[in-house]
Amino acid sequence: MNNKNKILKTLKRIWFVCAISFIFWLFYSAQSHGVSKSFLESNHKITVKDNGDYFLFDPQQTTDKVFVFYPGAMVDPKAYVPLCRKISENGIKVYLIKMPWRLATNGYELPKQLGLLLDKNKTYILAGHSQGGKMAAQFVKENPNLIDKLILIGTTHPRDISLADSKIPILKIYGSNDGIADERTIFKNKSKLPATAKFVEIKGANHAQFGYYGFQLGDNSAEISREQQQAETLKIIMKFIN
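I will try to describe carefully the structure that is included in this document. Keep in mind the model is a prediction, meaning the values are calculated, not measured.

**Topic: the overall build of the protein**
In terms of helices and strands, the protein carries seven helices and eight strands. For the protein, the residues scored as buried account for 47% of the 242 residues in total. Taking as baseline every contact in the protein between residues at least 6 positions apart, the subset at least 24 positions apart corresponds to 67%. Surface summary for the protein: the accessible area is close to 12500 Å², and the carbon and sulfur share equals 53%.

Here it is in structure tokens:
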């Protein structure tokens, strides 16, 4: 084997190791981090159920509101458990959907397929983060009479579809330091939402801290803590729902 072939073989090995390492890093960074087990435990106020399709947070008090949440693409759904649990603590039934293969595009019809939206006496709020927001918008586009309110978190969508004629209240939450769903692109797509849509910025917030998972490639560093970003997100959501 000449020197050229040896160099090529070495470069191929280095490339392979780097590619595998990068894939493992992406998988690890999308795993949930810092989520206390207590968030998935039932108590006298909240009943928690975990099955193959969703996490359910069901408050003991009677509620007329149902909140359905779509995780971001590839992100462990447990990363959104703290936010969903705290929403439920405000007297709202919450379904955190587990997308097949963690791909929002594969599971966005689950709420309808599982019969989670059948009670006409309930108010249904659909929310999603990042790609989950994209598919939440898609669901509303395809099922305009099933959802009463839509919340889009850290996403530039809708981009390829338009909800400009939608009659339901829509909220978009974004972070000033979000490197994935940047402010310029968000407002570039503003015409795809009705004029009544609310846009709320969280100063210092980035993309990944809307959940409890690792740093996301392309994101910026946050200037506020994850706890503060989560608390502000919760406050904005509850104000919009109520």
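**Re helix α5 (residues 131-142)**
A rise of 1.5 Å per residue sets the reference length of α5, with its 12 residues, at 16 Å; its end C-alpha atoms lie 17 Å apart and thus fit the reference within 8%. Residues of α5 that are buried make contact with β3 (65-70), α3 (104-107), α4 (110-113), β5 (123-129) and β6 (149-153).

**Details of the sheet that holds strand β1 (residues 46-50)**
Taken together, the eight strands give an open sheet; going across it, the order is β1-β2-β4-β3-β5-β6-β7-β8, and neighbouring strands pair in mixed fashion. At either end of the open sheet lies a strand with only one pairing partner, and these are β1 and β8 (198-202). Geometrically, the sheet is characterised by an average inter-axis angle of 15° between neighbouring strands, direction not taken into account. The sheet contact formed by β3 and strand β4 (residues 93-97) spans four bridges and is parallel.

**Remarks on helix α7 (residues 226-241)**
Its 16 residues give α7 an end-to-end C-alpha distance of 22 Å, which sits within 8% of 22 Å, the value for a rise of 1.5 Å per residue. Every buried residue belonging to α7 is among Q229, Q230, T233, L234, I236, I237, M238, F240 and I241, and all of these are buried. Structurally, α7 contributes buried residues whose contacts are with β3, α2 (81-88), β5, β6, β7 (170-175) and β8.

**Quick notes on the pairing of β1**
Taken together, the five bridges between β1 and strand β2 (residues 54-59) define a ladder with antiparallel strand orientation. Paired with V48 across the two strands is F57, which belongs to β2. Connecting the antiparallel pair β1 and β2 is a turn made up of three residues.

**Topic: the packing of α2 against α7**
How two helices pack is summed up by the angle between their axes together with the distance between the axes. Between α2 and α7, the least distance of the axes is 10 Å, while the angle of their chain directions is 40°. The orientation of α2 relative to α7 falls into the category oblique. The two elements α2 and α7 cross, and the hand of that crossing is right-handed. For the pair α2 and α7, contact is made by L83, K86 and I87 and by Q230, T233, L234, I237 and M238, respectively.

**Some thoughts on the nonpolar core**
Core analysis: the biggest nonpolar cluster contains 35 residues, and F57, F67, F69, I87, I151, I173 and I237 have the highest contact counts within it. The element contributing the most residues to this core is α7, with six residues. Those residues within four positions of F67 in sequence are excluded, and the remaining contacts are I87, I92, K93, V94, Y95, I125, A127, I151, I237 and I241. Residues Y54, Y108, L126 and A197 belong to the second largest nonpolar core, which totals 29 residues.

**A few points about the environment of L110**
With respect to the secondary-structure elements, L110 resides in helix α4. Not counting residues up to four positions away in its chain, the partners in contact with L110 are D53, I97, K98 and P100.

**Details of the pairing of β5**
Of all seven residues in β5, six are buried, a share of seventy percent or more. Relative to β6, β5 is paired through five bridges, and the arrangement is parallel. Each residue of the ladder has a partner; that of I125, found in β6, is K149.

**Some remarks on the pattern of salt bridges**
For the coordinates displayed, the defined rule picks out five salt bridges. When the shortest N-O distance is used, the salt bridge between D64 and K65 registers 3.6 Å. Exposure remark for K65: the relative accessible area of 22% places this residue in the partly exposed category. The salt bridge partner of K203 is E201, with a shortest N-O separation of 3.1 Å. Using a relative accessible area of 59% as the deciding quantity, one classes K203 as exposed.

Scoring rules and cut-offs
Residues numbered from 1 in each chain as written. Predicted model: local features only at pLDDT ≥ 70, side-chain atom pairs only at ≥ 80, totals over all residues. Heavy atoms only, no water. Helix = DSSP H or I, 4+ residues; strand = E, 2+ residues; numbered from the N terminus. Buried < 20%, exposed > 50% of the residue type's maximum accessible area, 1.4 Å probe, protein only. Contact = heavy atoms within 4.5 Å. Areas by Shrake-Rupley, 256 points an atom, 1.4 Å probe, with all protein chains shown as cover. Expected span 1.5 Å × (residues − 1). Pairing = 2+ DSSP bridges. Axes fitted to C-alpha atoms, helices over the stretch in contact; angles between N-to-C directions. Parallel < 35°, antiparallel > 145°, perpendicular 65-115°, else oblique. Left-handed = near helix turned anticlockwise from the far one by under 90°. Core = buried A, V, L, I, M, F, W, Y, C linked by side-chain atoms within 4.5 Å. Salt bridge = Lys/Arg side-chain N within 4 Å of Asp/Glu carboxyl O.

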